[in-house]
Amino acid sequence: MKITLTFLFSIALGLFSCQSQRDLGNTNLSLSDKKSTAETVALYQKLNKLTSKGILFGHQDDLAYGVNWKYVPGKSDVKDVVGDYPAVYGWDIAGIENDSPNNIDGVPFDKMKQYIIESNARGGITTISWHAHNPLTSKNAWDTTPKSLASVLPGGVSHEKFTTWLDKAATFMTSLKDKNGKQIPILFRPYHELTGNWFWWCQNNATPEQFKEVWKFTVEYYQSKGVHNLIYVYNTSDFNSKEEFMKYYPGDDYVDMISFDKYLYNDPTKDNSFVENNFKLFG
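Conventions used here
Residues numbered from 1 in each chain as written. Predicted model: local features only at pLDDT ≥ 70, side-chain atom pairs only at ≥ 80, totals over all residues. Heavy atoms only, no water. Salt bridge = Lys/Arg side-chain N within 4 Å of Asp/Glu carboxyl O. Helix = DSSP H or I, 4+ residues; strand = E, 2+ residues; numbered from the N terminus. Buried < 20%, exposed > 50% of the residue type's maximum accessible area, 1.4 Å probe, protein only. Phe/Tyr/Trp six-rings, centres within 6.5 Å; stacked < 30°, edge-to-face > 60°. Lys NZ or Arg CZ within 6 Å of the ring centre and 35° of its normal. 1 Å grid on protein atoms, 1.4 Å probe; cavity = no way out; pocket = protein on both sides within 12 Å on 5 of 7 lines; lining within 4 Å. Points joined across faces, edges and corners; volume = space filled by probe spheres on them. Nonpolar A, V, L, I, M, F, W, Y, C, P; charged D, E, K, R; others polar. Core = buried A, V, L, I, M, F, W, Y, C linked by side-chain atoms within 4.5 Å. Contact = heavy atoms within 4.5 Å. Pairing = 2+ DSSP bridges. Right-handed = clockwise from strand over helix to strand, strands pointing away.

*Asks:* How should I be thinking about the pattern of salt bridges in this particular structure?
*Replies:* A pair can form between side chains of opposite charge whenever their charged atoms are brought close. In the structure shown here, the tally under the stated rule is three salt bridges. A salt bridge links Asp-99 to Lys-168; the nearest nitrogen and oxygen atoms lie 3.2 Å apart. Here Lys-168 lies in helix 5 (residues 159-174) and Asp-99 lies in the loop between strand 6 (88-92) and helix 4 (109-121), a separation of 69 residues in the sequence. Given a relative accessible area of 56%, Asp-99 falls into the exposed group. For Lys-168, a relative accessible area of 27% corresponds to the partly exposed category. Here Asp-261 and Arg-189 are joined by a salt bridge, their closest N and O atoms 3.2 Å apart. Placement of the pair is Asp-261 in strand 10 (residues 257-263) and Arg-189 in strand 8 (residues 186-189), with a sequence separation of 72 residues. For the residue pair Asp-261 and Arg-189, the accessibility class agrees, reading buried in each case.

*Asks:* I tried to follow the packing of aromatic side chains on my own but got confused; where do I start?
*Replies:* Aromatic ring pairs are defined here through the distance separating the ring centres and the angle between the ring planes. One pass over the structure, following the stated rule, counts 21 aromatic pairs. Ring plane angle 65 degrees and centroid distance 6.4 Å describe the contact between Tyr-191 and Trp-201, whose orientation is recorded as edge-to-face. Of the two residues, Tyr-191 sits in the loop between strand 8 and helix 6 (208-224) while Trp-201 sits in the loop between strand 8 and helix 6, which places them 10 residues apart along the sequence. With a centroid separation of 6.2 Å and an interplanar angle of 40 degrees, the aromatic rings of Phe-211 and Trp-215 are classed as tilted. You can see Phe-211 and its partner Trp-215 sitting in helix 6, four residues apart, about one turn around the helix. The exposure class assigned to Phe-211 is buried, which follows from its relative accessible area of 1%. The lysine or arginine in question, Lys-111, covers the ring of Tyr-71, its NZ or CZ lying 5.3 Å from the ring centre. We note Arg-122 situated over the ring of Tyr-85; from NZ or CZ to the ring centre the distance is 3.7 Å.

*Asks:* Got a minute to help me understand the environment of Gly-58 in this structure?
*Replies:* You can see Gly-58 is positioned in strand 3 (residues 55-60). For Gly-58, a relative accessible area of 5% gives the class buried.

*Asks:* What is the right way to read empty space enclosed by the protein from this model?
*Replies:* If a probe the size of a water molecule is rolled over the atoms, the empty space left behind becomes visible. Tallied over the full model, the rule gives three cavities of 30 Å³ or more. Empty space within the second largest cavity amounts to approximately 40 Å³. As for the second largest cavity, its lining consists of Trp-130, Ala-132, Phe-162, Pro-190, Tyr-191, Trp-200 and Trp-201. The residue inventory of the lining of the second largest cavity, partitioned by class, reads seven nonpolar, no polar and no charged.

*Asks:* Explain the nonpolar core here, please?
*Replies:* Within soluble globular proteins, side chains that are nonpolar generally end up buried alongside one another. Counting residues in each nonpolar core, the largest one holds 58 residues, and the members touching the most others are Ile-128, Trp-130, Tyr-222 and Tyr-234. Sorting the residues of this core by element identifies strand 6, helix 4, helix 5, strand 8, helix 6, strand 9 (230-236) and strand 10 as the ones contributing at least two each. With sequence-adjacent residues up to four places away left out, Tyr-222 is seen in contact with Trp-130, Leu-166, Ala-169, Ala-170, Met-173, Phe-188, Val-227, Leu-230 and Tyr-232. Core analysis: the next-biggest nonpolar cluster, separate from the first, contains 12 residues, Val-41, Leu-47, Val-88 and Leu-187 among them.

*Asks:* I'm lost on the pairing of strand 6 in this one. Help?
*Replies:* Residues in a regular strand point their side chains to alternate faces of the sheet. Counting buried positions along strand 6 gives five out of five residues, so the element sits mostly inside the fold. The two faces of strand 6 match: Val-88, Gly-90 and Asp-92 on one face and Tyr-89 and Trp-91 on the other face are all buried. Of the pairings in the sheet, the one linking strand 3 to strand 6 comprises three bridges and is parallel in character. Across the sheet, the residue bridging to Gly-58 is Val-88, located in strand 6. Regarding topology, helix 4 serves as the crossover connection from strand 6 to the parallel strand 7 (residues 125-129), and that connection is right-handed.

Any link to function would need more than the numbers given here.
Structure below.
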């Protein structure tokens, strides 16, 4: 029992929609983490209810910078244009694995934490991706050296290093708390755009079995470490069929939502590929 998501990105601007594949019933049981916090379960239920109401609009790095400004308290390009903040806020934690003070977009992690807390207080939803460096070569996420993904599996040459990276990300995500000290639920999109060929974890660098094993290890590792505020989102890039989309899918016991990224580079009045991808997946 999953919630399905679609992400449409044009540069930093995202369109976030959520559709229910079926009646979720007891969403606490359908979450992959059976010890999910009450707040995480509540968000999952909220998203399910919102699927019948319309679209949730999102914006990457919304509170951090915009057109001709950076780090201005309370400022948002979306709010300036439409009079309200976005419903969804996207962030990326690349750099945390190397103890960088800033993420891949130059946003300081301490400011990111502050923005996530602020947006959550307004009822906003946070989604986090992670352009983690290649653990085999220590180069950036776009380094597709063969066998990089396999190297992080238990027994692999990069496994120990990779688990320390997971620990650092976990420390950050569990530190995100509201004014009452409750952990803020996060839509976590690890290994995103996996059907592409540009990241070390993409399909050109891993068999379906290897990818599934890495995903399952990540989920189980975080649960063993007491991380219970994550909603795990399986996120692809483009795909040509439902079968291709699901080829690397690790299973319902390890995924809470399914989604895909779609970058709109062409004239939106002529490019219908986003709708076509939805049709491929949902019929």
